[in-house]
Structures are given as C-alpha cells and as structure tokens.
Amino acid sequence: MARGERVFAAAGCYACHTDVKGGGGPLAGGRALKTPFGIFHTPNITPDRETGIGAWGEADFIRALREGLARDGGHYFPAFPYASYSGMSDRDAADLWAYLRTVPPARRENRPHDLGFPFGIRALVGVWKWLYFAPGRFRPDPARGEAWNRGAYLVQALGHCGECHTPRDLLGGPKREMVLAGTSAGPEGGKVPNITPDEETGIGKWSEGDIVSLLEIGMTPDGDVVGDTMGEVVRHATGKLPKEDLKAIAIYLKSIPAVRNRVSSGR
Ligand code: HEC
Ligand code: HEC
C-alpha cells in the first residue's frame, strides 16, 4: 500500500480526479478539463459502489489503465492518459489498485462530457487508438544505467509528462518527432514549455540540480515559480517523489534528443 501511494503520487491521479476548486472530495471526480475538443468532466474513482468504481475488480482497473477500455468494452477518451499509463509495470499497477481501495468512498454522480462534434463519439476513439496508441509495458534499455531507465519510466509512463509537453496534431495525436518539445495549445489553452535539452528553446542550459529543484519545489533557475497545471504537478506529483526519482528524471531529460521549438513562456 505504501508503494501504491508512491505510484499514485508519481502518476498524478489526484489532480485530474479531484475538483479542488469546487470543494469536491479526493478522487470523487467532477474536475473540468478544457481541451481543444471540448470539456471533459472526470469520473469518480473512489470505492463508492454506485457512483465510483467500488464494484470493479482489479482486472477491470488494469484494463482501463493499460488499454483504455471500460467494463462494457467501450473506449475511453485519451484525455485519460492511458496511452502513457499503458507502460506501467505489473507491480506498480497492482500496488496502485491496492492503494485506491483504501481511499474513502465518496458519493458523487459522474457528469457527461461536453464535447464538440464529432469528438464526443466514443466509437471514433477506436480509430484514434489505431492511429496513435501502442499498448505495452515500458521496456528498459539494457545499454543504459538504472537511473536513466528509472527516469525514462517516470517520464514516459507514470509521470505522463508528454501528455502536456508534447505537441499534438489536429486529431489530438502526439507528434512523434517533437517529443517533449512544448506547445502553445496545452491544457486549459495554456502554453507548455519545451523541456528537451535544446540550448535556446528548451532547458539545455539547466543543470540536473535545476531540474530537480523545479520538480521538487516548482522554482526555475531564474527564481520564478511555475503556476498553472505544472504547479499542480509539483504539488501533487513530483514534489512528493523521493530525490533519487527526481534525479533520475533529470538524467533522462538531459539525454533525450534536443528539438528546436520556441514556445514563448506563459509566465
Ligand atoms: C489528465 C487527466 C487525468 C489523469 C492524470 C488521470 N485521469 Fe483517470 N480519467 C480522466 C478522464 C478525462 C476520464 C474519463 C475518460 C472517458 O470518459 O472516456 C478518466 C477515467 C478514469 C477511469 C474510468 C472510470 C470509469 O468510471 O469508467 C479510471 C478508473 C481512472 N480514470 C483512473 C485513473 C488513475 C488511477 C489515474 C492515475 C494513475 C488517473 N485516472 C489519472 C482523466 C485523468
Ligand atoms: C498537466 C500538464 C503537465 C504535466 C503532466 C507536466 N507538465 Fe511540466 N509544465 C506544464 C506547464 C503548463 C508548464 C509551464 C508552467 C509555468 O510556466 O508556469 C510546465 C513547466 C515545466 C518545466 C519548466 C520549464 C521551463 O522552461 O520553465 C519543467 C522542467 C517541466 N515542466 C517538467 C515536467 C516533467 C518532468 C513532467 C513529468 C513528470 C511534467 N513537466 C509534467 C505542464 C505539465
């Protein structure tokens, strides 16, 4: 369970599934996520049997997380970042499930999403998946060290950093040649910076320590404090991780291909 709590933090489930502004209970859903396709209202994932996922079994949960499939076989919209979580290890997924069972159940009905036509059609998500989704566990690179592989796993799978930091094409698929290169059309319509090691447009001039501080307390090397959605990531996710995990993320980020892409800062 303690391990599950750490997976839960790294995966940032809390921020999306809790309506902090509206005073909703932890994981009771109802948070509105604005996207170019419309507004998603996150579901209740507490163990409440009627309005949450209390009637689910572990296999239902793992299928949702890994394959983006609901209990009735319907497709989940990729606003639920299962494309990243698919890489989660079996142990982490099982521990996460064990942890979720311990959260206090909260009664709160799910609200339907408000999506523009044709994005609200679940069956079309099948096409999206066919184009962009390759389910499968994260595979460590034996040529790299343990810290690099841990960092790669945290960035690609658990931390789903690319869900915000990688630009998307018109169908909402990540642009593969621009991984983590930033976008001006991020969540809530905000700008998301380039975090590849490009010296001019990315974070190539940041030291590993600079990256660790940003993830730990949200402070940039210039002394600015990140706001928006990254502020939430720091508060509920990276800020709760042990230092060696943050160092691993920094090592990995310094090693990825530098992509030149200027996204003027929202700060
Ligand atoms: C970026 C926001 C976001 C994050 C982070 C996120 N989710 Fe979700 N989640 C969603 C959205 C949106 C849906 C609804 C998808 C749909 O209706 O197709 C969803 C759906 C779900 C469902 C299906 C619930 C149901 O009633 O069918 C489960 C289970 C779930 N999420 C668990 C998790 C867990 C566990 C985590 C952390 C590992 C997590 N989510 C992280 C946005 C998010
Ligand atoms: C929910 C969307 C979201 C997720 C997930 C996310 N980020 Fe961010 N990130 C942002 C936004 C937005 C900013 C800009 C914040 C600001 O300028 O106030 C940012 C800023 C940053 C910065 C500072 C860059 C700069 O030039 O100032 C770093 C480094 C960073 N993120 C790393 C990460 C890492 C590593 C992860 C995964 C563990 C991650 N982010 C996950 C949205 C996100």
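What you are looking at is a predicted structure, and each value in this text was computed from that prediction instead of being measured.

*Asks:* I'm lost on the coordination of the iron atom of ligand 2 in this one. Help?
*Replies:* Ideal donor angles around a metal are set by the shape: a four-donor tetrahedron calls for 109.5 degrees, a six-donor octahedron for 90 or 180 degrees. Donor atoms from the polypeptide that bind the iron atom of ligand 2 are His 165 (NE2) and Met 230 (SD), placed at 2.1 to 2.3 Å. For the iron atom of ligand 2, the 6 donor atoms are set out with angles of 88 to 179° between them, so the coordination reads as octahedral. Residue His 165 is located in helix 8 (residues 162-165), and its partner Met 230 is located in helix 10 (residues 228-236); the two are separated by 65 residues in the primary sequence. Under the relative-accessibility criterion, His 165 is labelled buried at 10%.

*Asks:* Looking at this structure, how should I read the pattern of salt bridges?
*Replies:* Close approach of charged atoms allows side chains with opposite charge to pair. Following the criterion strictly, the structure yields 19 salt bridges and no others. Note that Arg 66 and Asp 90 form a salt bridge whose closest N and O atoms lie 3.0 Å from each other. Within this pair, whereas Arg 66 is found in helix 3 (residues 58-67), its partner Asp 90 is found in helix 5 (residues 90-100), the two being separated by 24 residues in sequence. Residue Arg 66 is classed as buried on the basis of its relative accessible area, which comes to 7%.

*Asks:* Looking at this structure, how should I read the environment of Arg 108?
*Replies:* Tracing the chain through its elements places Arg 108 in the loop between helix 5 and strand 3 (114-115). Distance in space between the C-alpha atoms of Arg 108 and Asn 44 is 6.7 Å, their sequence separation being 64 residues. Non-local contacts of Arg 108, meaning those with residues more than four positions away in its chain, are made with Asp 19, Gly 24, Ala 28, Gly 29, Gly 30, Asn 44 and Thr 51.

*Asks:* Even after reading the chapter, I still don't get the sheet that holds strand 3, so can you show me in this structure?
*Replies:* Working definition: the strands of a sheet are paired by backbone hydrogen bonds and lie parallel or antiparallel to each other. In spatial order, the strands read 1-2-3; together these 3 strands make up an open sheet with antiparallel pairing. With one partner strand each, in any of the chains shown, strand 1 (32-35) and strand 3 form the two edges of the open sheet.

*Asks:* So what exactly am I meant to see when it comes to the site of ligand 1 here?
*Replies:* Around ligand 1 there are 22 residues in total, and Cys 13, Cys 16, His 17, Tyr 76 and Arg 122 lie nearest to it. Contacts to ligand 1 include His 113, whose side-chain N or O atom sits 2.7 Å from an oxygen atom. Mapped by element, the contributors of at least two residues to the shell around ligand 1 are helix 2 (13-17) and helix 5. With 3 residues, helix 2 is the largest single contributor of residues to the shell around ligand 1. For the shell around ligand 1, the per-class residue count stands at 16 nonpolar, 5 polar and 1 charged.

*Asks:* For this particular structure, what's the right way to read a nonpolar patch on the surface?
*Replies:* Together, Phe 117, Ile 121, Leu 124, Val 127, Trp 130, Leu 131 and Leu 171 make up a nonpolar patch on the protein surface, roughly 790 Å² of accessible area in all. With respect to the element layout, Phe 117 can be found in the loop between strand 3 and helix 6 (122-132).

*Asks:* Sorry, what's going on with the coordination of the iron atom of ligand 1 here?
*Replies:* From the protein, the iron atom of ligand 1 takes a single donor atom, His 17 (NE2), 2.0 Å away. Within the secondary structure, His 17 is located in helix 2.

*Asks:* I'm lost on the pairing of strand 1 in this one. Help?
*Replies:* The two faces of a sheet get side chains in turn, since along a regular strand they alternate between them. Here strand 1 runs beside strand 2 (residues 38-41); their pairing, made up of 4 bridges, is antiparallel. The residue bridging Thr 35 from the neighbouring strand is Gly 38, located in strand 2. Connecting strand 1 to the antiparallel partner strand 2 that follows it, the hairpin turn spans 2 residues.

*Asks:* How should I be thinking about the domain arrangement of the protein chain in this particular structure?
*Replies:* How big an interface is tends to be expressed through the accessible area that disappears when the partners come together. Split by domain assignment, the protein chain resolves into domain 1 (2-132) and domain 2 (146-255). Surface buried jointly by domain 1 and domain 2 totals about 2100 Å² across both partners, of which 54% is contributed by carbon and sulfur atoms. When the area that domain 1 buries against domain 2 is broken down by residue, the three leading residues are Arg 6, Ala 10 and Tyr 132, summing to 27%. Taken together, the links from domain 1 to domain 2 amount to 3 salt bridges. Between the two partners, domain 1 and domain 2, sit 12 residue pairs in polar contact (both at pLDDT 80 or more). Of all the elements in the fold, those that place two or more residues in the side of domain 1 that touches domain 2 are helix 1 (2-11), helix 2, strand 1, helix 4 (82-85) and helix 6. At 5 residues, the largest contribution of residues to the side of domain 1 that touches domain 2 is made by helix 1.

*Asks:* Explain the environment of Lys 240 to me, please; I cannot follow it from the model alone.
*Replies:* Here Lys 240 is to be found in the loop between helix 10 and helix 11 (243-255). Since its relative accessible area comes to 55%, Lys 240 is described here as exposed. C-alpha of Lys 240 to C-alpha of Asp 48: the two residues are 192 residues apart in sequence and 26 Å apart in space.

*Asks:* I would appreciate a short explanation of helix 1 in the present structure.
*Replies:* Residues separated by three or four positions in an α-helix point in the same direction, a consequence of the helix having 3.6 residues per turn. By the burial criterion, the buried members of helix 1 are Gly 4, Val 7, Phe 8, Ala 9, Ala 10 and Ala 11. Looking at the packing, one finds that the buried side of helix 1 touches helix 2, helix 4, helix 5, helix 7 (146-158) and helix 10. Following helix 1 by one or two positions, Gly 12 has its phi on the positive side, about 65°.

The rules behind each value
- Residues numbered from 1 in each chain as written.
- Chains lettered and ligands numbered in written order.
- Predicted model: local features only at pLDDT ≥ 70, side-chain atom pairs only at ≥ 80, totals over all residues.
- Heavy atoms only, no water.
- Donors = N, O, S within 2.8 Å, 3.2 Å for Na, K, Ca; no water.
- Tetrahedral: all angles 85-135°; square planar, octahedral: opposite > 155°, others 65-115°.
- Helix = DSSP H or I, 4+ residues; strand = E, 2+ residues; numbered from the N terminus.
- Buried < 20%, exposed > 50% of the residue type's maximum accessible area, 1.4 Å probe, protein only.
- Salt bridge = Lys/Arg side-chain N within 4 Å of Asp/Glu carboxyl O.
- Contact = heavy atoms within 4.5 Å.
- Pairing = 2+ DSSP bridges.
- Near = heavy atom within 4 Å.
- Polar contact = N/O pair within 3.5 Å; in protein donor to acceptor, adjacent residues only side chain to side chain.
- Nonpolar A, V, L, I, M, F, W, Y, C, P; charged D, E, K, R; others polar.
- Patch = residues over 30% accessible without salt bridge, like charges linked within 9 Å, V, L, I, M, F, W, Y side chains within 5 Å.
- Areas by Shrake-Rupley, 256 points an atom, 1.4 Å probe, with all protein chains shown as cover.
- Domains from an automatic or database assignment.
- Buried area = accessible area lost by both parts, 1.4 Å probe.

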